[in-house]
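Listed below, chain by chain, are the residues.
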Amino acid sequence: MDDAVSAELQALNSRTASLKDKLKRRREAMGSILSQTNSLAAAAAAKDDSGQDDRQTEAPPGKERRTEGAKTEQPAKNPSRRAGEKRQSAENDDVLSLLSMQSAKEKLDKQHREEILELLSKPSAKERTLLDAFKSQSGGGVKEFCTHSTKDECMKMNESKQPCDKLHFAKIIQPHTDESLGDCSFLNTCFHMASCKYIHYEVDADDIRKEKKAAAASNLTVTSPVVRSRHLLETLKLVPPQWVQCDLRSLDLSVLGKFSVIMADPPWDIHMELPYGTMSDDEMRQLPVPTLQDEGLIFLWVTGRAMELGRECLKLWGYQRVDELIWVKTNQLQRIIRTGRTGHWLNHGKEHCLVGMKGSNLKLNRGLDCDVIVAEVRATSHKPDEIYGIIERLSPGSRKCELFGRPHNVQPNWVTLGNQLDGVVIHDKEMMQRWNDVYPSGYEFVKGIVLHPRKEP
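Remember, predicted model here, so these are calculated numbers, not experimental data.

Asks: What's the story with the overall build of the chain in this structure? I'm lost.
Replies: Secondary structure summary: the chain contains 11 helices and 14 strands in total. Taken across its 457 residues, the chain has 31% of its residues classed as buried. For the chain, the computed accessible surface area is about 29400 Å², with 53% contributed by carbon and sulfur atoms.

Encoded structure:
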């Protein structure tokens, strides 16, 4: 199968190169024809001018000569010359239109390329089995956005009277908006939307209503149960989200127990002005991360100069770096960001997440996901939600801990730690017992503020 696809791809590349050569020769020939046409038109115009001048000098003797004033009232160009220029312009437009059109062979090759890409993107039988094990019970999924953004552009590009079935965007035009300036670089993450003169967008309201109707209809239909593989899912029991508002430099992390997976998005000191406090390099090195895990995986988000420091921290904490994820940032219109807010030398349009491992013979579901996440940018330091799905499929049903988390990070089966959370919420009985043993009088988050665990948010 792979050899056949490879051979077809090679043949397609060869045909594409041949077509490019033919198109180049055709354009050269058209250019030659166009230059000859221009020369002939210029010669004809010059001949018309010469003939007109001769007729003017050979006027009959009995006819009165025109005065100078009458001469100035003559049109600047004679009708024959204007007609020649119009013919030349029309011929130029026809040639350019001909060059820009796709030939039947090019359209066929494009169709073949799309078919091959579709074939390559289809999952194998093994991949389908693994995907079915983690398929949503409700069958819900993420709806794809149209690549043409707005409905008008979609219909124009597809040469259709109706837009496609994907989601579209609508322009937000305010009294101060100047449409001639184009789109705002930051779109829905713009800090000054109330005064920004560039164009911003929102999801089309009609598409949202259609999505809600489709979702309501799908809930009424009875779907067949998903057959799940027992060897992939250790347990379907989900512990409600738990979190601890704390300073990681002072909290006794042993009260939390051990975890199979740790994820951290540290406030690295990247030598830039940031809307939150940072930690020094030495403070990061001295974090008691080894207390949380005897064996398992760690996902460490790094950026800029923190990439090398992150690798150093993994080594100091007892991990071996085994992989790396990349988050490619997109804007609201699902296009790659080219004017980021970070970066000393280049605008940063991506972030890295180092993957470290401790121990051996870990029970993990390998080969399910890709190491590239393409997701929209949201609030500052808000990482893509896709990372939680990747981790859960890699290590389903296990205890997980997130360091430096915020309220939007809390997840089932996760214990989130951070100084911006709301108090202490613990559901695990063993964890509650350890907490009461270590902090019988409560945990002093900062001087004068003592926190006690609760079971309800």
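So much for the structure itself; the text now carries on.
Asks: When you look at the nonpolar core in this model, what are you seeing that I'm missing?
Replies: Taken as a class, soluble globular proteins show a tendency for nonpolar side chains to be buried jointly. Ranked by size, the top nonpolar core spans 40 residues in total, and within it Val244, Leu256, Trp317, Leu403, Leu417 and Trp435 carry the most contacts. Among the secondary structure elements, those contributing two or more residues to this core are strand E4 (261-264), strand E5 (296-302), helix H9 (306-316), strand E9 (400-403), strand E10 (414-418), helix H11 (429-438) and strand E12 (443-446). Phe299, Leu362, Ile373 and Ile390 belong to the second largest nonpolar core, which has 19 residues in total.

Asks: Help me out: how do you make sense of the pairing of E12 in this one?
Replies: Within a regular strand, side chains alternate between the sheet's two faces. Where E12 lies against strand E13 (residues 449-451), 3 bridges are found, and the strand directions are antiparallel. Looking at E13, one finds that Glu444 is bridged to Val450. Where E12 hands over to E13, the hairpin turn is made up of 2 residues, of which Gly448 adopts a positive phi near 95 degrees.

Asks: Quick question: what am I supposed to make of a negative patch on the surface here?
Replies: Together, Glu8, Glu114, Glu115 and Glu118 give the surface a local cluster of negative charge. Ranked by residue count, the leading element in the negative patch is helix H4 (residues 104-121), at 3 residues. As for its placement among the helices and strands, Glu118 is situated in helix H4. On the accessibility criterion, Glu118 (47% relative accessible area) is partly exposed.

Asks: Explain the side chain of Thr416 here, please?
Replies: Take Thr416: it is sitting in strand E10. When near neighbours in sequence (up to four residues on either side) are disregarded, Thr416 contacts Gln242, Trp243, Val244, Glu402, Gly405, Arg406, Asn409, Val410 and Leu421.

Asks: Would you mind going over the environment of Leu364 with me for this structure?
Replies: In this structure, Leu364 sits in the loop between strand E7 (350-358) and strand E8 (372-376). Each C-alpha atom of the pair Leu364 and Leu297 lies 9.8 Å from the other, and the pair is 67 residues apart in sequence. Not counting residues within four places of it along the chain, the set of residues in contact with Leu364 comprises Leu297, Leu394 and Ser395.

Asks: Got a minute to help me understand the pattern of salt bridges in this structure?
Replies: For side chains bearing opposite charge, pairing can occur when the charged atoms are close. Going through the model one piece at a time under the given rule, you end up with 16 salt bridges. In this structure, the salt-bridge partner of Glu324 is Arg321, at a minimum N-O distance of 3.7 Å. When its relative accessible area of 19% is taken as the criterion, Glu324 is described as buried. Between Asp422 and Arg454 there is a salt bridge, with the nearest N and O atoms lying 3.4 Å from each other. Here Asp422 is found in the loop between E10 and strand E11 (424-425), whereas its partner Arg454 is found in strand E14 (residues 453-454), with 32 residues between them in sequence.

Asks: Explain unusual backbone geometry here, please?
Replies: Positive phi values are uncommon outside glycine, yet Asn361 reaches one of about 55 degrees. The topology assignment puts Asn361 in the loop between E7 and E8. On the accessibility criterion, Asn361 (76% relative accessible area) is exposed. Backbone geometry places Asn413, a non-glycine residue, at a positive phi of 70 degrees.

Asks: Would you mind showing me how to read H11 here?
Replies: Residues spaced three or four apart along an α-helix point in a common direction, a consequence of the helix completing one turn every 3.6 residues. Within H11, the full set of buried residues consists of Met431, Met432 and Trp435. Projection of H11 onto a plane perpendicular to its axis shows the buried side chains occupying an angular sector of 100 degrees, all on one side. For H11, the exposed residues set more than 90 degrees away from the buried face come down to Lys429, Glu430 and Asp437. Here the buried face of H11 lies against strand E3 (242-245), E10, E11, E12 and E14. Taking the backbone nitrogen of Glu430 as reference, a side-chain oxygen 3.0 Å away marks Asp428 as the first, capping residue of H11.

Asks: Please explain the sheet that holds E14 as it appears in this structure.
Replies: Consider a sheet: its strands pair through backbone hydrogen bonds, and that pairing is either parallel or antiparallel. The 10 strands are arranged E8-E6-E7-E5-E4-E9-E10-E3-E11-E14 in an open sheet whose pairing can be described as mixed. On the outer flanks of this sheet lie E8 and E14, each paired with one strand and no other. In this sheet, E7 lies alongside E5 in antiparallel orientation, the contact comprising 7 bridges. When the bridges of E7 are listed, Gly296 appears paired with Lys358. The strands touched by helix H10 (residues 386-394) within the sheet are E4, E5, strand E6 (320-330), E8, E9 and E10, with E5 carrying the most contacts at an inclination of about 165 degrees.

About the cut-offs
- Residues numbered from 1 in each chain as written.
- Predicted model: local features only at pLDDT ≥ 70, side-chain atom pairs only at ≥ 80, totals over all residues.
- Heavy atoms only, no water.
- Helix = DSSP H or I, 4+ residues; strand = E, 2+ residues; numbered from the N terminus.
- Buried < 20%, exposed > 50% of the residue type's maximum accessible area, 1.4 Å probe, protein only.
- Areas by Shrake-Rupley, 256 points an atom, 1.4 Å probe, with all protein chains shown as cover.
- Core = buried A, V, L, I, M, F, W, Y, C linked by side-chain atoms within 4.5 Å.
- Pairing = 2+ DSSP bridges.
- Patch = residues over 30% accessible without salt bridge, like charges linked within 9 Å, V, L, I, M, F, W, Y side chains within 5 Å.
- Salt bridge = Lys/Arg side-chain N within 4 Å of Asp/Glu carboxyl O.
- Lys, Arg positive; Asp, Glu negative; His and termini not counted.
- Charge placed at Lys NZ, Arg CZ, Asp CG, Glu CD.
- Contact = heavy atoms within 4.5 Å.
- Arc of directions from axis to C-beta.
- Polar contact = N/O pair within 3.5 Å; in protein donor to acceptor, adjacent residues only side chain to side chain.
- Axes fitted to C-alpha atoms, helices over the stretch in contact; angles between N-to-C directions.

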